[in-house]
Amino acid sequence: MAELWRAVVHTARLMVGQRDYDVYVSSRRRFDPEAQVMSREAFFRYCQEQRYGGKSVKKCPC
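Residues numbered from 1 in each chain as written. Predicted model: local features only at pLDDT ≥ 70, side-chain atom pairs only at ≥ 80, totals over all residues. Heavy atoms only, no water.

The name that an unreviewed UniProt entry assigns to the protein chain is Small protein YjiX, with the source organism given as Pseudogulbenkiania ferrooxidans EGD-HP2.

Okay, here's the thing in structure tokens:
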């Protein structure tokens with residue numbers, strides 16, 4: 001049951017453009033144990049900017 005819940009949560013996060021923070025941390029640590037990782041809040045903002053463009057989005061002149 002817990003595995004099903006994790007899959008549902010993972011799918012819901014991907015639907016709104018939020019990648020899994022724990023997967024991010026483990027992948028950073030796997031390649032470089034001393035690597036700096038973003039905080040959960042910074043990671044959330046980064047994902048949102050990647051999905052929605054952040055401040056550098058050029059608006060359509062229509």
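More follows now that the structure is in view.
## Topic: a nonpolar patch on the surface
What counts, and what does not: Each patch is built from residues lacking any salt bridge and having more than 30% relative accessible area; the joining distance is 9 Å for like charges and 5 Å for nonpolar side chains (Val, Leu, Ile, Met, Phe, Trp, Tyr). The accessible surface values rely on the Shrake-Rupley method and a 1.4 Å probe; as for residues, cover is taken only from the protein chains in view. Whenever a carboxyl oxygen of Asp or Glu lies within 4 Å of a side-chain nitrogen of Lys or Arg, that contact is scored as a salt bridge. Elements are defined by DSSP. Helices are runs of H or I of four residues or more, strands are runs of E of two residues or more, and each kind is numbered from the N terminus.
Where nonpolar side chains cluster on the molecular surface, the patch consists of M1, L4, W5 and V8 and spans about 540 Å² of accessible area. By the element assignment, L4 lies in helix α1 (residues 2–15).

## As for helix α3 (residues 40–52)
Basically, it comes down to this: Multiplying one less than the number of residues by 1.5 Å gives the expected span of a helix.
In a regular helix each residue adds 1.5 Å, so 13 residues correspond to 18 Å; α3 covers 18 Å between its end C-alpha atoms and thus fits that length. Looking one or two residues past α3, G53 carries a phi angle of roughly 95°, positive in sign.

## Focus: the pattern of salt bridges
Going by this rule: The rule is simple: take the accessible area with a 1.4 Å probe, protein chains only, and divide by the maximum for that residue type; under 20% is buried, over 50% is exposed, in between is partly exposed.
Evaluation of the coordinates by the stated rule reveals 2 salt bridges. A salt bridge links R6 to E3; the shortest N-O distance between them is 3.3 Å. Residue R6 and its partner E3 are both found in helix α1; the two are separated by 3 residues, about one turn of the helix. Exposure remark for E3: the relative accessible area of 55% places this residue in the exposed category. One salt bridge connects D22 with R40, and the closest N-O pair in it is separated by 3.6 Å. Pair noted here: D22 is in helix α2 (residues 21–31) and R40 is in helix α3, with a separation of 18 residues, a long-range link.

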